[in-house]
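# Analysis of the macromolecular model
These are the residues of each chain, in order.
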Amino acid sequence: MKPTADQRKAMYSQIVRSREFDDRVLELYFADKMPVFDLAKGVIPGEIHSSHGQEPCAAGTMPHLSLEDTITSNHRPHHHAICRGLDLNKLAAELMGKKTGYCAGKGGHMHIYSVEHKFSCSGIIAEGMGPAAGVALANKMRGQAGIAVSYMGEAAANQGAFHEVMNMAGIYKLPYICIIEDNNWGVSVSKKASTAIERNSERAASYGVYGEYVEDNDCDLIFEAMARCVERARSGQGASILEIQTYRLKGHMHGDQMAYVPQEEVAAMKDCVVEYRNKLITEEVLTEEKADEIVSQQKSEVDAAIQFGLDSPYPDPDDAFQNIYAGVSP
Ligand SMILES: Cc1ncc(C[n+]2csc(CCOP(=O)(O)OP(=O)(O)O)c2C)c(N)n1
Ligand SMILES: [Mg+2]
């Protein structure tokens with residue numbers, strides 16, 4: 001199933017939106033952390049793992065998911081959250097620890113949670129697999145529609161949870177998709193040094209599930225591969241591992257200069273936003289003017305969201321006692 005022209009324009013808008021958001025966050029991140037770098041200080045406290053380069057993994061897969069479906073993400077969640085349609089204002093505010101954020105400022109960038117979007121994420125790698133597969137099992141047992149998808153990096157496939165969850169997903173033929181964004185690095189450890197086989201999608205054979213590898217960081221190819229995995233999940237054919245070759249254009253987190261990445265590897269990385277723009281213009285899906293219009297529209301929405309975050313209040317001290325237990329007010 002190939003994406004239509006409108007779907008391709010929408011995917012371009014999404015990768016631009018995500019990139020603009022991450023660029024603004026990067027700009028702001030170092031404000032007030034100097035002269036001596038202090039992680040806890042500044043407008044955006046804590047670590048930030050940006051999605052620079054990995055945007056197509058979310059933009060190409062999300063169009064197949066509805067609000068009935070459940071999504072879990074990882075420590076690098078901005079592209080997932082944005083392509084899922086989460087509110088940019090509440091997202092920006094959460095990164096800044098503000099009261100108006102998705103978790104009232106308590107979560108920060110690795111803990112964004114939206115019931116409305118059935119979206120959550122976690123700083124513990126591979127953590128999202130269990131809850132997603134659990135939702136898939138519940139939906140299946142209740143005869144309800146809705147599949148579950150977890151997004152993670154290639155290094156997370158070496159976490160024990162991967163084996164346990166994929167085995168059960170295979171046994172129960174769960175409507176579940178594990179998306180592996182292979183950027184070749186787990187912090188500063190290359191995949192070669194941590195993973196015995198070349199392709200994580202080949203592990204699917206060990207669990208009796210479907211595996212597919214997308215060789216290029218391209219929205220269209222990812223869209224087509226995800227269509228096959230989703231069709232299987234929705235029609236009772238069971239789980240999939242969808243492995244996507246992507247790139248991490250920045251360091252593991254802001255402040256990491258990537259000194260450990262070989263120069264040839266850095267030189268070979270293409271910028272997926274530029275590539276997709278050129279492709280759509282060459283194939284006459286977009287004109288230069290229309291592409292520029294999309295960029296300025298997204299830029300202004302991102303600027304407004306960042307301003308919303310900056311203008312929002314910090315939580316009150318008493319808020320520390322709110323939302324600790326579900327459904328219980330102090
Ligand atoms: C269970 C667990 N072990 C270790 C860490 C520390 N850690 C945070 S991110 C990361 C590497 C993640 O690499 P990958 O899964 O490939 O995702 P990427 O950062 O490349 O997107 C590690 C080891 C963690 N958060 N959770
Ligand atoms: Mg990785």
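The sections below set out a description of the structure shown in this document.

Rules used in this analysis
Residue numbering note: each chain is counted from 1, following its sequence as written. Starting at A for chains and at 1 for ligands, labels are handed out in the order in which the entities are written. Given that this is a predicted model, residues contribute local features only at a pLDDT of at least 70 and side-chain atom pairs are listed and counted only at 80 or more, while totals for whole chains, interfaces and linings are drawn from all residues. Each helix is a run of H or I in the DSSP string that is no shorter than four residues. Each strand is a run of E no shorter than two, and both are numbered from the N terminus. Radius of gyration here is computed from C-alpha atoms only, and the compact-globule reference equals 2.2 Å multiplied by the residue count raised to the power 0.38. To sort residues by exposure, count the other C-beta atoms lying within 10 Å of each residue's C-beta; 20 or more gives buried, 12 or fewer gives exposed, and values between give partly exposed, all with C-beta atoms placed from the backbone. By definition, residues are in contact whenever their C-beta atoms, placed on the basis of the backbone, come within 7 Å of each other. As used in this record, a residue near a molecule or strand is one whose C-beta atom, placed from the backbone, is within 6 Å of it. Strands qualify as paired when DSSP identifies two bridges or more between them. Axis lines are fitted to C-alpha atoms, over the contacting stretch for helices. Their N-to-C directions set the angle, which ranges from 0 to 180 degrees. To form a nonpolar core, buried Ala, Val, Leu, Ile, Met, Phe, Trp, Tyr and Cys residues must be joined through C-beta atoms within 7 Å.

## Topic: the overall build of the protein chain
- The helix and strand inventory of the protein chain stands at 12 helices and eight strands.
- What you see for the protein chain is a C-alpha radius of gyration of 19 Å, in line with the 20 Å of a compact globule of 330 residues.
- Across its three principal directions, the C-alpha atoms of the protein chain cover 55 × 50 × 40 Å.
- In the protein chain, which comprises 330 residues, the share counted as buried stands at 46%.
- Summarising the internal contacts of the protein chain: among those between residues at least 6 apart in sequence, 73% fall at separations of at least 24.

## Focus on the site of ligand 1
- Taken together, the neighbourhood of ligand 1 is formed by 18 residues, with Ile125, Gly153, Ala155, Ala156 and Gly186 sitting nearest.
- Those elements that provide at least two residues to the shell around ligand 1 are strand E3 (148-153) and strand E5 (185-186).

## Side note on the sheet that holds strand E7 (residues 210-214)
- Spatially, E2-E1-E3-E4-E8-E7 is the arrangement adopted by the six strands of the open sheet, whose pairing is parallel. The sheet is open, and its two edges are formed by strand E2 (119-121) and E7, each paired on a single side. Geometrically, the sheet is characterised by an average inter-axis angle of 15° between neighbouring strands, direction not taken into account.
- In this sheet, E3 lies alongside strand E1 (residues 70-73) in parallel orientation, the contact comprising three bridges. When the bridges of E3 are listed, Ile71 appears paired with Val149.
- Each of strand E4 (176-182), E7 and strand E8 (240-245) is contacted by helix H9 (residues 219-234), which is oriented at about 170° to E7, the strand it contacts most.

## Remarks on the nonpolar core
- Membership of the largest hydrophobic core comes to 80 residues, with the highest contact counts inside it found for Tyr176 and Ile177.
- Among the elements that line this core, the one with the most residues is H9, at eight residues.
- When residues no more than four places from it in sequence are discounted, the contact partners of Ile177 are Ile147, Val149, Cys229, Ala233, Ala239, Ser240 and Leu242.

## A look at the environment of Arg142
- As for its position among the elements, Arg142 is in helix H5 (residues 129-142).
- Using a count of 9 C-beta atoms within 10 Å as the deciding quantity, one classes Arg142 as exposed.
- Sequence spacing of Arg142 and Met96 is 46 residues, and the spatial spacing of their C-alpha atoms is 39 Å.

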